[in-house]
Amino acid sequence: MGNRPLHVAAVAAPVRQQVSMKLREAILNRTFRPGQRLLERELCEMTGVSRTPVREALRQLEAEGLVMMVPNHGPVVRVVSAREAADLYEVRGVLEALACRLFTERVSERELDELEAIVEEIRAAGEQGRGGDLLALKERFYEVLLRGAANHILTNTLDSIRARVTFLRSTSLQREGRWEHTVRELHEIIAAMHARDPDAAARACLEHVRCAATAALQVLDDDVLA
């Protein structure tokens, strides 16, 4: 893509939506680092769009907690402190444990097999060194989980912190060997689901989130995710 790695294609989706997606991906994959200034002129050059959709996208990412506006400095990639990360993992653990409980109580074997197939894809991606696929596969895992849990309030609540949780997830999955632990932990959750044991599924999910939190918090240095 030459000098425009975030170039927005001329497709049907609204330009603002495309720009938001591109900038979000750049933050999650660390193209833009925590604390880095996001200069509108440079973003316009990278995406090939005008200032208006760039500004709208930055406002969207600010609402998601990925960007913050600093007085006399402009937009910067938000720095997530160790305290905030720990707080997010506490909330995530409770909500995702509830999702696992509801999924276990409500889904069919077909839906459970779909969840298990994604875990196998995660394992294959890890073994083949396709680290870039791990985050997308983990997102798919939770999409299926929440669809099966069938609780719109729960889904909407998790959506409200999704961007920040994904940011932390991208950190934990980058740690050496974390994908192997992730696969084992997810298989524990699925085993409890196959046994139709909602309590065990919730406990296994809480343990998975606890381990993910430990992995992510280990990369915190001076309250900055590196």
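Heads up: these notes are all about the structure in this document. (Residues numbered from 1 in each chain as written. Predicted model: local features only at pLDDT ≥ 70, side-chain atom pairs only at ≥ 80, totals over all residues. Heavy atoms only, no water.)

Side note on helix α7 (residues 152-160)
Quick note on the threshold: For every residue, the accessible area obtained with a 1.4 Å probe (protein chains only) is divided by the maximum for its type, and the residue is called buried under 20%, exposed over 50%, and partly exposed between those limits. Secondary structure elements are taken from DSSP: a helix is a run of H or I of four residues or more, a strand is a run of E of two residues or more, and numbering for both begins at the N terminus. This arc is taken over the directions from the axis of the helix to the C-beta atoms. Residue contacts follow a heavy-atom distance rule, with two residues in contact if any of their heavy atoms lie within 4.5 Å.
Among all positions in α7, only Leu154, Thr155 and Leu158 are buried. The buried residues of α7 occupy an angular sector of 100° when projected down its axis, which confines them to one face. The exposed residues of α7 that point more than 90 degrees off its buried face are His152 and Ile153. Packed against the buried residues of α7 are α4 (82-106), α6 (131-149) and α8 (162-173).

Section: the pairing of strand β2 (residues 74-77)
Counted only if it meets this: Pairing between two strands requires that DSSP report at least two bridges joining them.
By the bridge criterion, four bridges tie strand β1 (residues 67-70) to β2 in an arrangement that is antiparallel. Along β2, the bridge assignment pairs valine 67 with valine 77. Taken together, β1 and the strand that follows it, β2, pair antiparallel across an intervening segment of three residues, in which asparagine 72 is found at a positive phi of about 65°.

Side note on the side chain of arginine 92
Definition in use: Here a polar contact means two N or O atoms within 3.5 Å. Within protein one must be a hydrogen donor candidate and the other an acceptor candidate, and residues neighboring in sequence count only if both atoms are side-chain atoms.
Here arginine 92 lies in helix α4. Polar side-chain contacts of arginine 92 include one of 3.1 Å to the side chain of tyrosine 142. In this structure arginine 92 touches Lys138, Tyr142, Val165, Arg169, His208, Val209 and Ala212, once residues within four positions along its chain are discounted.

Let's talk about the pattern of salt bridges
Side chains that differ in charge, positive against negative, can pair when their charged atoms come close. Threshold: The working definition used for a salt bridge is a side-chain nitrogen of Lys or Arg within 4 Å of a carboxyl oxygen of Asp or Glu.
Counting across every chain of the model gives 21 salt bridges. Between arginine 164 and glutamate 84 there is a salt bridge, with the nearest N and O atoms lying 3.4 Å from each other. Of this pair, arginine 164 sits in helix α8 while glutamate 84 is found in helix α4, placing the two residues 80 residues apart along the sequence. Overall, arginine 164 belongs to the partly exposed group, its relative accessible area being 22%. Assessed through its relative accessible area of 16%, glutamate 84 is described here as buried. Notably, a salt bridge pairs arginine 147 with glutamate 114, separated by 2.7 Å at the nearest N-O pair. Of this pair, arginine 147 sits in helix α6 while glutamate 114 sits in helix α5 (residues 109-127); the two residues are 33 residues apart in sequence, bridging distant segments of the chain. One network of salt bridges, with partners in common, ties together Arg92, Glu96, Glu139, Glu143, Arg162 and Arg169.

Topic: the packing of α4 against helix α9 (residues 178-194)
Between two packed helices, what matters for the description is the angle formed by their axes and the separation of those axes. Rule in force here: Each axis is a line fitted through C-alpha atoms, taken for helices only over the stretch in contact, and angles between the N-to-C directions span 0 to 180 degrees. The handedness criterion is simple: a crossing whose near helix is rotated anticlockwise from the far helix by less than a right angle is left-handed, and one whose near helix is rotated clockwise is right-handed. Residues are grouped as follows: Ala, Val, Leu, Ile, Met, Phe, Trp, Tyr, Cys and Pro are nonpolar; Asp, Glu, Lys and Arg are charged; every other residue, Gly included, is polar.
Contact geometry of α4 with α9 gives a least axis separation of 9 Å together with a crossing angle of 35°. Our pair here, α4 against α9, has a crossing hand that is right-handed. Residue-level inspection shows Cys100, Phe103 and Thr104 of α4 in contact with α9, the latter providing Ile189, Ala192 and Met193. Tallied by class, residues from the contact of α4 with α9 come to five nonpolar, one polar and no charged.

Overview of empty space enclosed by the protein
For clarity, the cut-off: Here a cavity denotes a set of grid points, spaced 1 Å apart and computed over the protein atoms alone, in which a 1.4 Å probe fits but from which it cannot get out, and a pocket denotes an open set meeting protein on both sides within 12 Å along at least five of seven lines; residues with an atom within 4 Å of a point are reported as lining. Grid points are joined across faces, edges and corners, and a volume is the space filled by probe spheres set on the points.
Throughout the structure, instances matching the rule amount to one cavity of 30 Å³ or more. Put simply, the largest cavity is a space of about 30 Å³. If one sorts the elements of the lining of the largest cavity by residue count, α8 sits on top with three residues.

Regarding the side chain of threonine 104
Note on placement: threonine 104 falls in helix α4. A distance of 2.7 Å separates a polar side-chain atom of threonine 104 from the backbone oxygen of cysteine 100. Threonine 104 has contacts with Ala192, Met193, Arg196, Asp197, Pro198 and Ala201, leaving out every residue within four places of it along the chain.

Focus: unusual backbone geometry
Despite not being glycine, arginine 30 has its phi angle at roughly 70°, a positive value. When you line up the elements, arginine 30 lands in the loop between α1 (15-28) and α2 (40-47). Overall, arginine 30 belongs to the buried group, its relative accessible area being 8%. One non-glycine residue, arginine 196, lies in the positive phi region at around 55°. Given the relative accessible area of 35%, arginine 196 is considered partly exposed.

Some remarks on the layout of surface pockets
Of the voids in this model, the largest pocket is the one considered here, and its volume is about 570 Å³. Looking at the largest pocket, it is lined by 29 residues, and the ones nearest its centre are Gly132, Leu134, Leu135, Ala136 and Ser170. Of all the secondary-structure elements, those providing two or more residues to the lining of the largest pocket are α1, α5, α6, α7, α8 and α9. Tallying contributions element by element places α6 first for the lining of the largest pocket, with seven residues. Residues that form the lining of the largest pocket fall into these classes: eight nonpolar, ten polar and eleven charged. There is about 230 Å³ of room inside the second largest pocket. Along the wall of the second largest pocket there are 13 residues; nearest its centre are Tyr142, Leu146, Leu158, Asp159 and Arg162. Those elements giving two or more residues to the lining of the second largest pocket turn out to be α6, α7 and α8. At five residues, the largest contribution of residues to the lining of the second largest pocket is made by α6. Classifying every residue of the lining of the second largest pocket gives four nonpolar, two polar and seven charged.

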